Amino acid sequence: MDGPSETEPLLRPPQVQRKATNDVPVEGHSSVQDESDHNKIDNVPDAKKQIGLASAVMLIFNRVIGTGVFAAPSIILRSSGSVGMTFVMWILGALVASAGTAVYVEFGTGLPRSGGEKTYMEYIYRRPRFMITCFYAIYGLLMGWLSATSIVFGEYTLNALEIQPTTINVRVVAFLCSTFCLAAHGAFLNYGLKLQNALGFFKLFVLLVIAVSGLFSLVGVPGFAVHDEYDIPHNFTWSSFWEGSNIGPNAFVTGMYNVIWSYIGYSNANYALSEVRDPVRTIRRAAPLAMILVAISYLFVNIAYFAVVSKQDMLGGGTIAAALFFRNIFGPAAERILSAVIALSVLGNLMSILFTQGRVVQELGREGVLPLSLFFASNKPFNAPLAGLFTQWLVSMIIMVAAPPGDAYLFIVNLLSYPLTMFNMLISGGLLLLYTPAFKSYEWCPPFRTWKSVVIFFFLSNVFLAVVPMIPPSPGSDVYEHLPYWSHIAVAVSIGILGIAYWFVFFDWIPRKRGYHIVQEIILQDDGVSRNVLRRIPNRSSNERRA
């Protein structure tokens, strides 16, 4: 049987499908059943859709707000040179994040199922079949998204407990925290979501307290004045506001690079859309609402910092902006409280990362192209994707334990960031292709359409993020102490090449050599969730075809 026409949409109502391709492995089979029309994009029963509007907002908010809001302002100020240019950069970063949010909302409303970039790239880049899935799968399995963030949690938790952080005890705390997140989301789904939401609202409350305290200090409310032993800031007079502005290209590029990454996370709810109630309506509201909260938080928290902390103290180095803020208003004793607050903020960040990335692994399992696909696709035994969550946890813990402090840690952080830039370029560039006459047969007509200029802006911003790390750093600004500055780029690209090699060997070369092709079928698991299986079908001889 011939494969599907390029004019057919990739995601169709679940039914028996036989897609002829030159592909591989075989799994068990069960009968195929149809679902009701309202589930025709993804065959997930309504009973499994646990995420409402508030949970979707907190998935995004928790993912974006980690430690950046507490530490990034000092870093941005060093690049911008002035308070005024710092705010310009934060506003430009919000525009980039708004464009990214619009792109992901368009894809989320057009393809409302879990998987995020995996689902969108599969829809756009259909040939060679399964190559883009294999390309993405290696990243999804091997990146270890929890490794770096869990170490940050360990450091701040030990500081809050007044315990001297060491390589060993930091990793022990990081391991315990990650294991707690695994248990919460893998065995107690509802309670895990409630805790995740509570941490998000707590984080929002803390940022509100910082913002209000800073504004009270700025207008002179009694009890919120800067303590006498610290410098009184004058950051909002017109002359001081722009004093020292660094508009050189290197400084601006460095500052914008850090600002844009501070907003990353707007796509987080897209990874779990199959479990969102009324996903089209929810993502259209949740993503903009979450990013508005993020942008407002960043703006007003920065106002609060500069209202309380002098520019000289901020540039002094060695102390994060939030620590200086708490010290100047509430005294040095507040440092432990701040460490506890940041630790809880990071915990919410960890939970949101594991929740969504575990579902990405599950989606890869449902695609059927990986070994152990049945294991990865499973929702057993707690009606949650424990296998996908466990895979993310296991890889992250291996990386966390194996990576020593210093260059290795920075390398992991950068390695986790670069593939996301690659995916964003591919999906934003692909969305531009869907607007062209050449892709008219795809019939791309989602409920929400963003402006083409917004998509172009987002595409170019990711080109910027991809190119900047390739530029040799200026003297004294080396990325690593012992590694080449481009090492994380080389490894990130190599992982993608490994995925393409996997596709070539198992989905092209071996089938051609052994004379078979693969048909893909949708089956239902015991829990009512569909997944794909791949079956080897011997190629017909020329005589059989004539007959």
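1. Structural notes on the overall build of the protein chain
Secondary structure assignment for the protein chain yields 20 helices and two strands. Relative to a compact globule of 547 residues, whose C-alpha radius of gyration would be 24 Å, the protein chain shows 25 Å and is just as compact. Taken over the C-alpha atoms alone, the protein chain extends approximately 95 × 45 × 45 Å along its principal axes. Looking at the protein chain as a whole, 57% of its 547 residues are labelled buried. Put simply, 80% of the contacts in the protein chain that link residues at least 6 apart link residues at least 24 apart. Element-wise, carbon and sulfur atoms account for 66% of the exposed surface of the protein chain, whose accessible area totals about 23000 Å². The protein chain carries 38 positive and 34 negative side-chain charges, and their two centres are separated by 8 Å.

2. Remarks on helix α8 (residues 189-219)
Over its 31 residues, α8 extends 45 Å from the first C-alpha to the last, a length consistent with the 45 Å expected when each residue adds 1.5 Å. Note on α8: the residue one or two positions beyond its end, G220, has a positive phi of about 85°.

3. Things to note about a nonpolar patch on the surface
Among the surface-exposed residues, L208, V212, L215, F216, L218, V219, F236, I292, I296, L299 and F300 lie close enough to one another that they form a single nonpolar patch of about 910 Å² accessible area. Elements supplying a minimum of two residues to the nonpolar patch: α8 and α11 (279-308). Looking at which element gives the most residues to the nonpolar patch, the answer is α8, with six residues. Examined against the element boundaries, L299 turns out to sit in helix α11.

4. Notes on empty space enclosed by the protein
The tally for this structure, following the rule as stated, stands at six cavities of 30 Å³ or more. In this structure, the second largest cavity encloses a volume near 170 Å³. Along the wall of the second largest cavity there are 17 residues; nearest its centre are E117, W145, Y271, Q357 and L420. Put simply, the parts of the chain that give the lining of the second largest cavity at least two residues each are α5 (131-142), α14 (334-367) and α17 (407-434). If you tally residues by element for the lining of the second largest cavity, the top one is α14, at four residues. When its residues are assigned to classes, the lining of the second largest cavity shows nine nonpolar, six polar and two charged.

5. Quick word on the pattern of salt bridges
Summed over all chains, the structure comprises eleven salt bridges. With a closest N to O distance of 3.5 Å, E106 and R449 form a salt bridge. In this pair, E106 sits in helix α3 (residues 83-110) while R449 sits in the loop between α17 and α18 (452-467), placing the two residues 343 residues apart along the sequence. Exposure remark for R449: the relative accessible area of 43% places this residue in the partly exposed category. In this structure, K380 and D526 form a salt bridge, with 3.4 Å as the shortest nitrogen-oxygen distance.

6. Observations regarding helix α6 (residues 147-160)
Over its 14 residues, α6 extends 21 Å from the first C-alpha to the last, a length consistent with the 20 Å expected when each residue adds 1.5 Å. Of all 14 residues making up α6, twelve are buried, and the element is well covered by its neighbours. Along α6, the residues classified as buried are S147, A148, T149, S150, I151, V152, F153, G154, Y156, T157, L158 and A160. Note on α6: the residue one or two positions beyond its end, E162, has a positive phi of about 55°.

7. Observations regarding the packing of helix α2 (residues 68-80) against α3
At a closest axis distance of 8 Å, the pairing of α2 and α3 adopts a crossing angle of 115°. The angle between the axes of α2 and α3 places the two elements in the roughly perpendicular class. For the element pair α2 and α3, the recorded crossing hand is right-handed. Facing α2, whose interface residues are A72, P73, I76, L77 and S80, α3 presents V83, M85, T86, M89 and W90. Residues belonging to the contact of α2 with α3 are distributed by class as follows: eight nonpolar, two polar and no charged.

8. Things to note about the nonpolar core
Counting 159 residues, the largest nonpolar core has F70 and F107 as the members making the most contacts within it. The residues contacting F107, other than those within four sequence positions of it, are Y120, I124, I427, L431, L434 and W444.

9. Focus on the packing of aromatic side chains
How two aromatic rings sit relative to each other is set out by the distance from centre to centre and by the angle between their planes. In total, this model carries 32 aromatic pairs according to the counting rule given. Judged by centre distance (5.4 Å) and plane angle (50°), the rings of Y123 and W444 are tilted. Residue Y123 is found in helix α4 (residues 117-124), and its partner W444 is found in the loop between α17 and α18; the two are separated by 321 residues along the sequence. Judged on exposure class, the residue Y123 and its partner W444 are both buried. Put simply, the rings of Y104, F107, Y120, Y123, Y266, F439, Y442, W444 and F458 touch in pairs and so form one group of aromatic residues. One cation-aromatic arrangement involves R126 over Y442; the distance from NZ or CZ to the ring centre is 3.5 Å.

10. Considering the packing of α14 against helix α16 (residues 386-402)
The N-to-C vectors of α14 and α16 enclose an angle of 110°; their axes lie 7 Å apart at closest approach. Judged by the inter-axis angle, α14 sits roughly perpendicular to α16. The hand of the α14/α16 crossing is right-handed. On α16, the residues touching L354, F355, Q357, G358, R359 and V361 of α14 are G388, L389, T391, Q392 and W393. Taken together, the residues that form the contact of α14 with α16 break down as five nonpolar, five polar and one charged.

11. What about the environment of A334?
Along the chain, the position of A334 falls in helix α14. By relative accessible area, A334 is classed as buried at 5%. Taking the C-alpha atoms as reference points, A334 and A323, separated by eleven residues in sequence, lie 8.2 Å from one another.

The rules behind each value
The written sequence of each chain sets the order in which its residues are numbered from 1. pLDDT decides what is reported in this predicted model: residues at 70 or higher carry local features, side-chain atom pairs at 80 or more are listed and counted, and totals for whole chains, interfaces and linings draw on all residues regardless. Based on all heavy atoms of the structure, the side-chain values leave hydrogens and waters out of the count. Only runs of H or I of at least four residues qualify as helices and only runs of E of at least two qualify as strands under DSSP, and these elements are numbered from the N terminus. Radius of gyration here is computed from C-alpha atoms only, and the compact-globule reference equals 2.2 Å multiplied by the residue count raised to the power 0.38. Relative accessibility thresholds used throughout: buried, under 20% of the residue-type maximum; exposed, over 50%; partly exposed, between the two (1.4 Å probe, protein chains only). Whether two residues are in contact is decided by their heavy atoms, any of which lying within 4.5 Å being enough. Note that accessible areas follow from Shrake-Rupley with a 1.4 Å probe, and for residues the cover is restricted to the protein chains shown. His is not counted, nor are the chain ends, whereas Lys and Arg count as positive and Asp and Glu as negative. We put the charge of a Lys on NZ, of an Arg on CZ, of an Asp on CG and of a Glu on CD. Given the number of residues in a helix, its expected span is that number minus one, multiplied by 1.5 Å. The patch calculation keeps residues exceeding 30% relative accessible area without a salt bridge and links them within 9 Å when they carry like charges or within 5 Å when they are nonpolar (Val, Leu, Ile, Met, Phe, Trp, Tyr). When a carboxyl oxygen of Asp or Glu lies within 4 Å of a side-chain nitrogen of Lys or Arg, that pair is called a salt bridge. Throughout, the protein atoms alone are placed on a 1 Å grid, and a set of points is a cavity if a 1.4 Å probe fits but cannot get out or a pocket if it is open with protein on both sides within 12 Å along at least five of seven lines; lining residues have an atom within 4 Å of a point. Grid points are joined across faces, edges and corners, and a volume is the space filled by probe spheres set on the points. Each residue gets one of three labels, nonpolar for Ala, Val, Leu, Ile, Met, Phe, Trp, Tyr, Cys and Pro, charged for Asp, Glu, Lys and Arg, and polar for the others, Gly among them. Lines fitted to C-alpha atoms define the axes here, with helix axes fitted over just the stretch in contact, and angles between the N-to-C directions of these axes take values from 0 to 180 degrees. Note on angle classes: values under 35 degrees are labelled roughly parallel, values over 145 roughly antiparallel, values of 65 to 115 roughly perpendicular, and the remainder oblique. Put simply, a crossing is left-handed when the front helix is turned counterclockwise from the back one by less than a right angle, and right-handed when it is turned clockwise. Put simply, buried Ala, Val, Leu, Ile, Met, Phe, Trp, Tyr and Cys residues joined by side-chain atoms within 4.5 Å make one nonpolar core. Ring geometry is summarised as follows: Phe, Tyr and Trp rings, the Trp one being its six-membered ring, pair when their centres sit within 6.5 Å, and such pairs are stacked at plane angles under 30 degrees, edge-to-face over 60 and tilted between the two. Look at NZ for Lys and CZ for Arg. If either is within 6 Å of the ring centre and within 35 degrees of the ring normal, a charge sits over the ring.

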